[in-house]
There are 2 protein chains.
Amino acid sequence: MIQKTRVLLVDDHTILRTGLRMFFDSQADMVVVGEAVSGEDALEKVQLHQPDVVILDISMPGMTGIEAIARIKQLTPEAGILMLTMHEAEEYLQQAMQAGASGYVLKKAADSELLEAVRAVARKEIFLHPAMTSLLIQSIYHSEPKEGLKKTINLTSRETEVLKLVALGHTNKEISEVLSVSIKTVETHKSRVMEKTGCVRRSELVRYAMQEGYI
Amino acid sequence: MIQKTRVLLVDDHTILRTGLRMFFDSQADMVVVGEAVSGEDALEKVQLHQPDVVILDISMPGMTGIEAIARIKQLTPEAGILMLTMHEAEEYLQQAMQAGASGYVLKKAADSELLEAVRAVARKEIFLHPAMTSLLIQSIYHSEPKEGLKKTINLTSRETEVLKLVALGHTNKEISEVLSVSIKTVETHKSRVMEKTGCVRRSELVRYAMQEGYI
DNA sequence: TAAATTTTCAGGGTTTTTACTGATTATTAA
DNA sequence: TTAATAATCAGTAAAAACCCTGAAAATTTA
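Residues numbered from 1 in each chain as written. Chains lettered and ligands numbered in written order. Predicted model: local features only at pLDDT ≥ 70, side-chain atom pairs only at ≥ 80, totals over all residues. Heavy atoms only, no water.

We now examine the protein's contact with DNA strand D. Every one of the 16 residues lining DNA strand D counts as a neighbour, but T171(A), N172(A), K190(A), T156(B) and K184(B) are closest to it. Restricting attention to atoms of DNA strand D within 4 Å of the protein, one finds that 64% of them are sugar or phosphate atoms. N172(A) places a polar main-chain atom, nitrogen or oxygen, 2.7 Å from a phosphate oxygen of DNA strand D. A distance of 2.8 Å separates a phosphate oxygen of DNA strand D from a polar atom in the side chain of T185(B). Among the secondary structure elements, those contributing two or more residues to the surface near DNA strand D are α9 (172-179) and α10 (183-197) of chain A together with α7 (157-167) and α9 (183-197) of chain B. Considering every element that reaches the surface near DNA strand D, the biggest residue donor is α9(B), with four residues. (Near = heavy atom within 4 Å. Polar contact = N/O pair within 3.5 Å; in protein donor to acceptor, adjacent residues only side chain to side chain. Helix = DSSP H or I, 4+ residues; strand = E, 2+ residues; numbered from the N terminus.)

So this is what it looks like as structure tokens:
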């Protein structure tokens, strides 16, 4: 091992970070070069420490892990990003991989799996637990309209119509003409959809619509 | 091991089949229950032997492996299909996974990998070599448009980037930030794309991008 | 019927996009 | 080495979108 794999830990739980640091530093081929407690913090630390692998939690205060992935990738495209999370849901997995993550490991996974994942990501490979891979492939190639998510986010029929048309790139005016309502009404529906889905950008709306099979 | 994994070999090369049969039969947990020399033959043998795992080559006389996957899946959805091929190209990989394959192993892979793959598929998991997984994820989430489609309308690389981002719902500002250029530059590229494609509305641009496989 | 939800619309200020025209600097091809 | 193509950016005015708050009908549910 000529060079140790440089690891940056990003998690808001100090205890977890400390544990991970001890764990990684006890490995001959890796070293923790820094820690960050938030997405914003991570962006700084990434520039400062130039890590090979960034280990990131999805749920963090402030910027979400998903957002952080994109920002980090922008800053240092060479750094591999490994999501370490307790969420087994495929929606997170999909979003993370789409945003540019190189791996996804559950917090309940075995230590050996985490090490394997870090080493794979350091080699520029993508690491997913077989079961996670199944989920991903399934969701990509053989996805059914997800009932689970539809239950939580309940769009009205009018909101659904507007979402679809927005995602297809139609302007508010076009939508208002198609639905025979005023532009103001369209704006209201759209903003309500964004509120319900948690989207703050039109692009997120597009992705949401695609992901949920609206378009 | 209560039940041995029942394997069906499908390949038009007799030597290879014989070698594989000996190899698998030497394993304590698997048994080759049949062989087939073509896709058509495979369909019969699948019904006859009810295998747990079908090992299939893509390139075969008559029905292609990709076609065979779909047909086999239709007949016996419980059977896992493992592609064993010399093709490293991601287009085959994508097609195979989309058609319903559960794994993809290169003929040049190590014996141990093949065993691992068969066992994973028998467990209803999906098996891909990490490098293959990378390819797949890359091609799904970070794909370049297909060359064939770009013949008629020739977009420059920058125009293509802008088109993709526009179609994904990003604002000019977001695009200018991602590409590190001014908004004015983005506007120019976008209007040029609209000129070339004949689109006059953003929605048409979205449809074009989808149709041409940009997104 | 009463309450909750859905659908509809408005005002107003800010930001962004659109649709022009025009132009400079690489890079590539002939 | 020209000539063509690609990529960059500017100005400007009108149109549209965005982001609020607020609110009245219509419909559905309890």
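On to the sheet that holds strand β1 (residues 5-10) of chain B. Residues and elements named next belong to chain B. In spatial order, the strands read β2-β1-β3-β4-β5-β6; together these six strands make up an open sheet with parallel pairing. Two strands lie at the open edges of the sheet, namely β2 (30-36) and β6 (127-128), each paired on one side alone. Relative to strand β5 (residues 103-106), strand β4 (residues 80-85) runs parallel, the two being bridged by four bridges. Across the sheet, L84 pairs through a bridge with V105, a residue of β5. (Pairing = 2+ DSSP bridges.)

Before going further, it helps to spend a moment on the protein's contact with DNA strand C. Neighbouring residues of DNA strand C: 16 residues in total, closest T156(A), K184(A), N172(B), E187(B) and K190(B). In this structure, T156(A) approaches DNA strand C through a side-chain N or O atom, which is 2.2 Å from a phosphate oxygen. Measuring from a base nitrogen of DNA strand C, one finds a side-chain N or O atom of T188(A) at 2.8 Å. For the surface near DNA strand C, the element with the most residues is α10(A), which contributes five residues.

This brings us to the pattern of salt bridges. Scanning all chains against the criterion turns up 18 salt bridges over all chains. Of the charged contacts, one joins E159(A) and K196(A) as a salt bridge, the two residues approaching to 2.8 Å between their closest N and O atoms. One end of the pair, E159(A), is in helix α8 (residues 157-167); the other, K196(A), is in helix α10, and 37 residues separate them in sequence. Looking at K196(A), the relative accessible area reads 33%, which means it is partly exposed. Between E161(B) and R158(B) there is a salt bridge; the shortest N-O distance is 2.9 Å. Placement of the pair is E161(B) and R158(B) together in helix α7, with a separation of three residues, close to one helical turn. Assessed through its relative accessible area of 30%, R158(B) is described here as partly exposed. Here the salt bridges do not stand alone but share partners, grouping D11(A), D57(A) and K107(A) into one network. (Salt bridge = Lys/Arg side-chain N within 4 Å of Asp/Glu carboxyl O. Buried < 20%, exposed > 50% of the residue type's maximum accessible area, 1.4 Å probe, protein only.)

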